[in-house]
Amino acid sequence: MDTPGADDRPQRGTLRRVARYLRPDLRGVGALTAAVVLHAVFGVLPPLAFQRLVDNGVIPGDVGVILVLSALAAGSAIAVAGTQLLTLWLSSRVGQHLMFRMRGDLYAHLQRLPLGFYTHTPTGTLVARLNQDTTVAQGAVTAVLPQVVGSAATLAVTLTTMTILSWQVAVAAVAVPALILLPARRVGRRLLSLSRRRLTAVADLSAFMTERLSVAGYLLARLYGRPAAEYAAFNAHSARNRDLGVRIAVVSGVFGTGVSMVDGLAIAVTYGVGGYLAATDAMSLGTVVALAALLPRLYAPITTLTTAHTDVMGALAGFERVFALLDVPCPITERPGAVALPPGPVTVEFRDVRFAYPVPPRLPDAPAVAKPVPALHGVSFTVAPGRRVALVGSSGAGKTTIAALLARLYDVDGGRVLLGGHDVRDLRFDSLRDHVGLLTQEPYLLHDTIAANLRYPRPDATDAEIAEACRAARLETLIAGLPDGLDTVVGDRGHRLSGGEKQRLAIARLLLARPGVVILDEATAHLDLECEAAIQEALTTSLTDRTVLVIAHRLATVRDADTILVLDSGRIVEHGRHEELLRRSGRYARLCRTGLRHESEPADATGVTPETPPIDPAEAGVPV
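Conventions adopted
- Each chain carries its own residue numbering, running from 1 in the written order of its sequence.
- Two thresholds apply to this predicted model, a pLDDT of at least 70 for residue-level local features and 80 or more for giving and counting side-chain atom pairs, whereas whole-chain, interface and lining totals are computed over all residues.
- Side-chain descriptors were evaluated using all non-hydrogen atoms of the structure, hydrogens and water having been removed beforehand.
- UniProt positions are given in the numbering used here, feature names are shortened, and annotations may be inferred rather than shown by experiment.
- The secondary structure listing takes helices from DSSP runs of H or I that are at least 4 residues long and strands from runs of E that are at least 2 residues long, numbered from the N terminus.
- Burial classes follow relative accessibility: with a 1.4 Å probe on protein chains only, a residue under 20% of its type's maximum area counts as buried, one over 50% as exposed, and anything between as partly exposed.
- Every residue pair with non-hydrogen atoms within 4.5 Å of one another is taken to be in contact.
- Note on areas: Shrake-Rupley, 1.4 Å probe, and residue coverage restricted to the protein chains presented here.
- When DSSP finds two or more bridges between a pair of strands, those strands are recorded as paired.
- Only buried residues count toward a nonpolar core. Its members are Ala, Val, Leu, Ile, Met, Phe, Trp, Tyr and Cys residues joined through side-chain atoms within 4.5 Å.
- Note on geometry: axes are C-alpha line fits, over the in-contact stretch for helices, and angles between N-to-C directions span 0 to 180 degrees.
- For classification, angles of less than 35 degrees are called roughly parallel, those exceeding 145 degrees roughly antiparallel, those between 65 and 115 degrees roughly perpendicular, and all remaining angles oblique.
- Note on convention: near helix rotated counterclockwise from far helix by under a right angle means a left-handed crossing. Clockwise means right-handed.
- In this classification, the charged set is Asp, Glu, Lys and Arg, the nonpolar set is Ala, Val, Leu, Ile, Met, Phe, Trp, Tyr, Cys and Pro, and all remaining amino acids, among them Gly, are polar.
- A pairing counts as a salt bridge when a side-chain nitrogen of Lys or Arg comes within 4 Å of a carboxyl oxygen of Asp or Glu.
- Geometry of aromatic contacts follows a simple scheme: Phe, Tyr and Trp rings, the Trp one being its six-membered ring, pair when their centres are within 6.5 Å, and the pair is stacked under 30 degrees between planes, edge-to-face over 60, tilted otherwise.
- Either the NZ atom of lysine or the CZ atom of arginine qualifies as a charge over a ring when it sits within 6 Å of the ring centre and within 35 degrees of the ring normal.

Naming follows an unreviewed UniProt entry, where the protein appears as ATP-binding cassette subfamily B protein of Stackebrandtia albiflava. Word for word, the UniProt comment on the protein under Subcellular location (unreviewed entry) is "Cell membrane". Recorded under Sequence similarities (unreviewed entry), the UniProt text for the protein is reproduced unchanged: "Belongs to the ABC transporter superfamily. Lipid exporter (TC 3.A.1.106) family."

This is the structure in structure tokens:
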């Protein structure tokens, strides 16, 4: 959490990084600068025309001069309006382009960050930075930049013109407002601190709402009967936003009121000096009229420039939060010269793999994370193409960790993970995604149609391929019974479907992707026994030539594997066929008695089917 006094200065390099983002729009920035300068020049023409109109037209009674100068003043007013519209269009265009590039870079960076970052960062926080903070930063270009440049140009042109007309009045006009510059820097720093804290509070509220307003969050609050507590927690977040908003408004308001008061005093002093000079015939009446018309164009930019410092500080807070997210390191990167796996069967090999979950990269204001204990200790095994290997063990044994390392969601600390003889760290990301498919117990579905979810890994999939995948996943009856068929929207995270239906849709999506290596992490856990048996048969047929790793707690799922690897505390303690491992009466046999589920096991009480001969473990590619 941000604290006042500790963060009242902008971070080094922020303005330089902002300038880099503006570099592609240098022409637009140049055109914007030219437009605001023209707006300032056209703005002083009507007062000058009024001076000549009074001195050379009204007093002598020359109607022709009056008409010409009136027309000139009217034309200048139109030019002022035109350049103002041009300024608005250019500033909006440059600002929107800046936000577009910044959001694109943020989203691309988020796609590269490791899984550990997401397990320790609330989704709402990321949404706030991607949406709210970039909007705040964009406002610096859309509003603050043209205001600062335009006000500076208007001030320079107006003050020069007033000095030419009467240096005495010009000095009197700027002497009093200069006093307001003294507290402006201090107020700006205070607003920077408050703006940072406000953006953090907005992100916290966004994270809270993202969790609670999802289907799962709603069910949690509903089922456990805590609506009052949820309402109180929401109000606490909302109150923090409210209080910081009030403090920002008060600080800005007090400063703005002071500026307005000083402007009023300056106008009185200026009129006093000008009136004295006119009364003593040291200044013409037309000059007095011109100076009176120029005063608003002098004090408006002075007010804008004195308050712009506070606006800039608020905008810099948005930029800093965006850059903080962009600066989160990406520990898993594609090496230069990375290669693609050739098409065909793929062998999976783990060679003396050692791994501990790393401390994930975090945002600067995220809480510290303790380094976890090692998860794998010298794990080695090989799975040949067309073979099915099951990973079993108690919770925390390292099964899912193996799947994550194979998909390169993390990098190993020691040893190597090989696909087709290539270290996964030497493979291109797109090739790795094409060859490794991971199906988890909780499939994620987008709030889109069934067809769109199926085509996510392969947008070019034909209708015939989709139909075949749905048939293999036993989805054809479900789809046929839906009014919109494949065009049915599944809802947020697929909550319009049952758990088993979501799982079957995910299985169909995996079959459509056609990876060479398939990891099934409790992939049939949500299916009833009849449907599971049918899908297991379909998977066996569809994945005949694939390398398959199965993580499961159902005996029916693992008993037909070519080899079973038994893990305990990050080590492979046993391996072999189901019957062979049971005869050893070791860790696997104990798991069968206490952990693995036997719902559809047709064997006798011992779980052994003697007529099925065990295979040589080396035949499955697992070292003995």
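A. Region of the structure containing the overall build of the protein. Helices and strands together make up the secondary structure of the protein, namely 20 helices and 10 strands. Counting all 624 residues of the protein, 47% fall into the buried class. Here the contacts in the protein between residues at least 6 apart in sequence split such that 81% fall between residues at least 24 apart. Entry remark: accessible area of the protein is about 30,000 Å², with carbon and sulfur atoms responsible for 60%.

B. Just the pairing of strand 3 (residues 388-392), in detail. Most of strand 3 sits inside the fold, with five of its five residues counted as buried. Side chains Arg388, Ala390 and Val392 project from strand 3 onto one buried face, and the interleaved Val389 and Leu391 project onto a second face that is buried too. Inspection of the sheet shows strand 3 paired to strand 8 (residues 547-551) by four bridges, in the parallel sense. In the sheet register, alanine 390 faces strand 8, and the bridge partner there is valine 550.

C. Spatial organisation of the nonpolar core. Ranked by internal contacts, the top residues of the largest apolar core, which has 46 residues, are Leu454, Leu475, Leu505, Leu520, Ile564 and Tyr588. A total of seven residues in this core trace back to one element, the largest contributor, which is helix 16 (residues 499-513). Filtering out sequence-adjacent residues up to four positions away, leucine 454 remains in contact with Ile466, Cys470, Leu486, Leu505, Ala508, Arg509 and Leu512. If you look at the next biggest cluster of nonpolar residues, it comprises 34 residues, including Val412, Leu419, Ile551 and Leu565.

D. Region of interest: helix 11 (residues 399-406). Burial analysis of helix 11 places seven of its eight residues in the buried class, which makes it a mostly covered element. Looking at helix 11, one finds that the buried residues are Lys399, Thr401, Ile402, Ala403, Ala404, Leu405 and Leu406. Arginine 408 lies just past helix 11 and shows a positive phi near 55 degrees.

E. Region of the structure containing the environment of leucine 446. Following the sequence through the fold, leucine 446 ends up in the loop between strand 6 (436-439) and helix 13 (450-454). Given the relative accessible area of 35%, leucine 446 is considered partly exposed. The spacing of leucine 446 and aspartate 492 is 46 residues in sequence and 6.5 Å in space, taken between C-alpha atoms.

F. Seen up close, the sheet that holds strand 3. Strands sit in the order 6-7-8-3-9-10 across an open sheet of six strands; the sheet is mixed. Only two strands of the sheet have a single neighbouring strand rather than two, namely strand 6 and strand 10 (571-576). When strand polarity is set aside, the average angle formed by the axes of neighbouring strands in this sheet is 20 degrees. Examined bridge by bridge, strand 9 (residues 563-568) and strand 10 share five bridges and lie antiparallel to one another. Pairing of leucine 567 across the sheet is with isoleucine 572, part of strand 10. Contacting strand 3, strand 6, strand 7 (517-521), strand 8 and strand 9, helix 11 crosses the sheet at an angle of about 145 degrees to strand 8. Contacting strand 3, strand 9 and strand 10, helix 20 (residues 587-594) crosses the sheet at an angle of about 85 degrees to strand 9.

G. Spotlight on unusual backbone geometry. For aspartate 352, which is not glycine, the phi torsion reads 50 degrees and is therefore positive. Among the secondary structure elements, aspartate 352 is positioned in strand 1 (residues 348-356). For aspartate 352, a relative accessible area of 37% gives the class partly exposed. Even without a glycine there, the phi angle at serine 585 is positive, about 55 degrees. When you line up the elements, serine 585 lands in the loop between helix 19 (578-584) and helix 20.

H. Molecular detail of the environment of glutamate 537. Mapped onto the elements, glutamate 537 comes out in helix 17 (residues 529-542). When its relative accessible area of 55% is taken as the criterion, glutamate 537 is described as exposed. Measuring from C-alpha to C-alpha, the distance between glutamate 537 and alanine 472 comes to 9.0 Å, with 65 residues separating the pair along the chain.

I. The arrangement of the packing of helix 14 (residues 463-472) against helix 16 in detail. Between helix 14 and helix 16, whose axes approach to 8 Å, the crossing angle comes to 130 degrees. One way to sum up the angle between helix 14 and helix 16 is to call them oblique. Like other packed secondary-structure pairs, helix 14 and helix 16 cross with a definite hand, here right-handed. Every residue of helix 16 that contacts helix 14 at Glu465, Ile466, Ala469, Cys470 and Ala472 is listed here: Ala508, Leu511 and Leu512. Classifying every residue of the contact of helix 14 with helix 16 by side-chain character gives seven nonpolar, no polar and one charged.

J. Looking closely at the pairing of strand 8. Taking burial as the measure, the five residues of strand 8 include five buried ones, the bulk of the element. Here strand 8 shows two buried faces, one formed by Thr547, Leu549 and Ile551 and the other by Val548 and Val550.

K. Layout of the packing of helix 2 (residues 26-58) against helix 5 (residues 123-165). As a packed pair, helix 2 and helix 5 sit with axes 8 Å apart at the nearest point and diverge in direction by 30 degrees. Considering the angle they form, helix 2 stands roughly parallel to helix 5. Classified by chirality, the crossing of helix 5 by helix 2 is right-handed. Of the residues in helix 5, those touching helix 2 at Leu32, Thr33, Val36, Val37, Ala40, Val41, Val44, Leu48 and Gln51 are Leu145, Pro146, Val149, Gly150, Ala153, Thr154, Val157, Thr158, Thr161 and Leu165. In the contact of helix 2 with helix 5, the residues fall into 13 nonpolar, six polar and no charged.

L. Broad picture of the pattern of salt bridges. For the structure shown, the criterion picks out 21 salt bridges. Between aspartate 243 and arginine 242 there is a salt bridge, with the nearest N and O atoms lying 3.0 Å from each other. Several salt bridges share partner residues, and in doing so they unite Arg458, Asp460, Glu465 and Arg514 into one network.

M. Representation of the sheet that holds strand 2 (residues 374-383). Strand order across the open sheet formed by four strands is 2-1-4-5, with antiparallel pairing between neighbours. Each end of this open sheet is capped by a strand with a single partner; those strands are strand 2 and strand 5 (422-423). Where strand 4 (residues 414-419) meets strand 5, two bridges bridge the pair, whose relative direction is antiparallel. Considered in strand 5, the bridge of leucine 419 is made with histidine 422.

N. Geometry of the packing of aromatic side chains. Counted by the stated rule, this structure contains eight aromatic pairs. Consider the rings of phenylalanine 208 and phenylalanine 234, whose centres lie 6.4 Å apart with planes at 40 degrees: the pair is tilted. Here phenylalanine 208 is found in helix 7 (residues 181-212), whereas its partner phenylalanine 234 is found in helix 9 (residues 227-279), with 26 residues between them in sequence. Assessed through its relative accessible area of 8%, phenylalanine 208 is described here as buried. An aromatic cluster of three or more residues is present, and its members are Tyr21, Phe319 and Phe323. We note arginine 17 situated over the ring of phenylalanine 323; from NZ or CZ to the ring centre the distance is 4.3 Å.

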